[in-house]
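Each chain is listed here by its residues.
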Amino acid sequence: VFVADWGNHRVIGVGSGQWSGSNASVANFLIGQANFVGNMENRGQPAPSELTLSYPESLAFCQGALFIADSGNNRVLRFNSPKFIAVNAGATAPGESATLVLGQANFTGQMANRNGKVDASGMNSPSDVRCDGQRLIVADTGNHRTLIWNDLTALSDGKPADVVLGQPDAKSAVANMPAPDRVLHFNNPADVATDGTALALADTGNHRVLLWRKLPRSSSTPPDVVLGQTALDANQLSPASASTLSSPAGVALDNGRLAVADTENNRVLIWNTLPTQHGAAASLVVGQPTFSDSDPGTDPLGRILDHPYGVALAGSVLYVTDANHNRALIYPTQAQNNPTASVILGQPGSSTRSATTLADPRGIKVSQGQLLIADHGNQRVLLWSQLPTASGQAADRVIGQDNFTSASIKVNRVTLNQPYGVLVHAGRSPISSPDRVLG
């Protein structure tokens, strides 16, 4: 388990066998600081290096390497074959060094867009990094665009991206920059998902989701479909319906199905097959009685949502974090609209912090029969080693605290500070704790 510990400017890891008797984690991997009690941005130095981090936001594993979106340094770093090495809490860390930097010309570069030059080789506050095993995808949030490198084996320091999505050209970085093709460009995109073939992007500020049925290989490839709007040049905020969206914050793809956390409409929309037409109506609505409803409320059956953020699909099952209700919900999604949740986590009837409670949960992921939830308000991540089958079921493990009742933000080898996102890859679980996250 790898954690992007945003507020402590570091990435920590928990290797196999590093669980204590209280089911809490003890880190034995460290990047970004000299020891587990250090938490200074870039280790307190005026310039970054291959050893330092500034507000890391997202992690990805690609071909055995760990990639980190080092947002405060406006770059992405690669660490080859990261190894778990025992590190004492106050001792000097092994000092694992990055082997590649993107977004800057070298490891000491720090300024956004390489000190003001917007092109395909610079970045501005990258907040998400993903890969499909062959290509690297970076959400370059401050530039309102997504960058793609088509060949992981051909990367070099400062290499320009092969694909720039969300702007009319590589030199533009303005929200909704006009373009001759009348394609409205990105405005604060909040999540991206791929199943290795299709690419879905939550273009939050434009109240829409963009869908490429195949991962684009050139900057000139427009989305195949826009959802939430009737055309690629529209960003109207419309009343709730089966074909509208309001500030969608999360997307998930699985086996040809698409789920969207329609956050400001307090619901999740599901398309049972990937749409082929702009503005296509969703197949199912979860969290509201009908497609035209959008009011938050309380419902012990889990049929009403209040600001869902994280979504995950696994077969015919939907997993959702219902942030304002301090809970996570599991739904069967193929039977009917507005289903009753089969499992409700985080609301056992007690406000005392425990293995059964949640506070403002955000990211949620399912992998290899396990469930992980970024329990943002409790400064921790909870892990169920088997998918929960009963409401109020206790988590088996806690990451980021000494035990299930603590919510400390002290800096050591155990604690986290406001985790938001969870990324699971090949049985390892990078967990990001940014102030803002895509993914």
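Residues numbered from 1 in each chain as written. Predicted model: local features only at pLDDT ≥ 70, side-chain atom pairs only at ≥ 80, totals over all residues. Heavy atoms only, no water.

Peer 1: Is there a simple way to explain the packing of aromatic side chains in this structure?
Peer 2: For any pair of aromatic rings, the description rests on two quantities: the centre-to-centre distance and the angle between the ring planes. The final tally for this structure, using the stated rule, is 1 aromatic pair. Measuring from centroid to centroid gives 4.6 Å for Trp-6 and Tyr-55, while their planes differ by 45°, and the two rings are tilted. Within this pair, whereas Trp-6 is found in the loop between β1 (2-5) and β2 (10-13), its partner Tyr-55 is found in the loop between β3 (29-31) and β4 (56-62), the two being separated by 49 residues in sequence. Given a relative accessible area of 21%, Trp-6 falls into the partly exposed group. Residue Tyr-55 is classed as partly exposed on the basis of its relative accessible area of 29%. Over the ring of Tyr-309 we find Arg-362, and its NZ or CZ is 4.3 Å from the ring centre. (Phe/Tyr/Trp six-rings, centres within 6.5 Å; stacked < 30°, edge-to-face > 60°. Helix = DSSP H or I, 4+ residues; strand = E, 2+ residues; numbered from the N terminus. Buried < 20%, exposed > 50% of the residue type's maximum accessible area, 1.4 Å probe, protein only. Lys NZ or Arg CZ within 6 Å of the ring centre and 35° of its normal.)

Peer 1: Hey, could you run me through the pairing of strand β25 (residues 370-375) in this one?
Peer 2: On a regular strand, one side chain projects to one face of the sheet and the next to the other, so that they alternate. The element β25 is extensively covered by neighbouring structure, given that 5 of its 6 residues are classed as buried. In terms of strand pairing, strand β24 (residues 364-367) meets β25 through 4 bridges, oriented antiparallel. What sits directly across from Val-366, in β25, is Leu-371. Here β24 hands over to β25 after 2 residues, with Gln-368 in that stretch at a positive phi of 50°. Strand direction decides the pairing type here: β25 and strand β26 (residues 380-384), joined by 5 bridges, are antiparallel. In the strand pairing of β26, Ala-374 is matched with Val-381. (Pairing = 2+ DSSP bridges.)

Peer 1: It is not clear to me how the sheet that holds strand β5 (residues 65-70) should be interpreted in this structure. Could you clarify?
Peer 2: Note: strands within a sheet are paired through backbone hydrogen bonds, in either parallel or antiparallel orientation. Spatially, 4 strands are ordered β4-β5-β6-β7 in an open sheet, and the strand pairing comes out antiparallel. Across the chains shown, the open sheet's two edge strands, defined by having one partner strand only, are β4 and β7 (100-102). Each strand axis lies, on average, 20° off the axis of its neighbour in the sheet, ignoring direction. The pairing of β4 with β5 spans 6 bridges and is classified as antiparallel. (Axes fitted to C-alpha atoms, helices over the stretch in contact; angles between N-to-C directions.)

Peer 1: I'm lost on the state of the cysteines in this one. Help?
Peer 2: Joining two cysteines, a disulfide is a covalent bond between their sulfur atoms. Tallied over the entire structure, the rule returns 1 disulfide. Paired by a disulfide, Cys-62 and Cys-131 hold their sulfur atoms 2.3 Å apart. The sign of the S-S torsion, about -125°, decides the handedness of the disulfide formed by Cys-62 and Cys-131: left-handed. Residue Cys-62 is found in strand β4, and its partner Cys-131 is found in strand β8 (residues 126-131); the two are separated by 69 residues along the sequence. The class of Cys-62 is buried, set by a relative accessible area of 3%. (Disulfide = S-S within 2.5 Å.)

Peer 1: Is there a simple way to explain the nonpolar core in this structure?
Peer 2: What tends to happen in soluble globular proteins is that the nonpolar side chains get buried as a cluster. Core analysis: the biggest nonpolar cluster contains 21 residues, and Leu-227, Leu-258, Val-260, Leu-269 and Trp-271 have the highest contact counts within it. With near-sequence residues (within four places) excluded, Val-260 lies in contact with Val-209, Leu-245, Pro-248, Gly-250, Val-251, Arg-267, Val-268, Leu-269 and Trp-271. Grouped together as the second largest cluster of nonpolar side chains are 20 residues, Cys-62, Trp-149, Ala-161 and Val-164 included. (Core = buried A, V, L, I, M, F, W, Y, C linked by side-chain atoms within 4.5 Å. Contact = heavy atoms within 4.5 Å.)

Peer 1: In this structure, what is going on with the pattern of salt bridges? I would like to understand it.
Peer 2: For side chains of opposite charge, pairing can occur when their charged atoms come near one another. Enumeration over the complete set of coordinates arrives at 12 salt bridges. Linking Asp-128 and Arg-130 is a salt bridge whose minimum nitrogen-to-oxygen distance equals 3.1 Å. Accessibility expressed as a relative area gives 11% for Arg-130, which makes it buried. A salt bridge links Asp-262 to Arg-267; its shortest N-O distance comes to 2.7 Å. Residue class for Arg-267 comes out buried when judged on its relative accessible area of 0%. (Salt bridge = Lys/Arg side-chain N within 4 Å of Asp/Glu carboxyl O.)

Peer 1: Could you clarify how one ought to interpret unusual backbone geometry in this entry?
Peer 2: Among all residues except glycine, the phi angle is most often negative; among peptide bonds, the trans geometry is most common. The phi torsion at Asn-115 lies on the positive side, around 70°, for a residue other than glycine. For Asn-115, the position within the fold is in helix α1 (residues 113-116). With a phi close to 55°, His-207 is a non-glycine residue in the positive phi region. Of note, His-207 is situated in the loop between β13 (199-203) and β14 (208-212).

Peer 1: Before we go on, may I ask you to explain the pairing of β13 in this structure?
Peer 2: In terms of burial, β13 is a largely internal element, 5 of the 5 residues being buried. Neither face of β13 is left uncovered, since the one carrying Leu-199, Leu-201 and Asp-203 and the one carrying Ala-200 and Ala-202 both have all their residues buried. As judged from the 4 bridges shared by strand β12 (residues 191-194) and β13, these two strands associate in the antiparallel manner. Looking at β13, one finds that Asp-191 is bridged to Ala-202. Between β12 and β13, which follow one another and run antiparallel, lie 4 residues, and Gly-196 among them has a positive phi close to 95°.

Peer 1: Help me out: how do you make sense of the side chain of Asn-265 in this one?
Peer 2: Tracing the sequence through the fold places Asn-265 in the loop between β17 (257-262) and β18 (267-271). By relative accessible area, which is 6% here, Asn-265 ends up buried. A distance of 2.8 Å separates the side chain of Asn-265 from the side chain of Asp-262, its partner in a polar contact. With residues up to four places along the chain from it excluded, the contact list for Asn-265 reads Ala-240, Thr-244, Leu-245, Ser-246, Gln-288, Asp-293 and Ser-294. (Polar contact = N/O pair within 3.5 Å; in protein donor to acceptor, adjacent residues only side chain to side chain.)

Peer 1: Before we go on, may I ask you to explain the sheet that holds strand β20 (residues 308-314) in this structure?
Peer 2: Strand order in the open sheet formed by 4 strands is β20-β21-β22-β23, with antiparallel pairing between adjacent strands. With partners counted over all chains shown, the strands left at the sheet margins are β20 and β23 (343-345), one partner each. Neighbouring strand axes in the sheet, compared pairwise and without regard to direction, differ in orientation by 15° on average. For strand β22 (residues 327-332) and β23, the ladder comprises 3 bridges, and the chain directions are antiparallel. Residue pairing across strands places Ala-328 opposite Leu-345, the latter belonging to β23.

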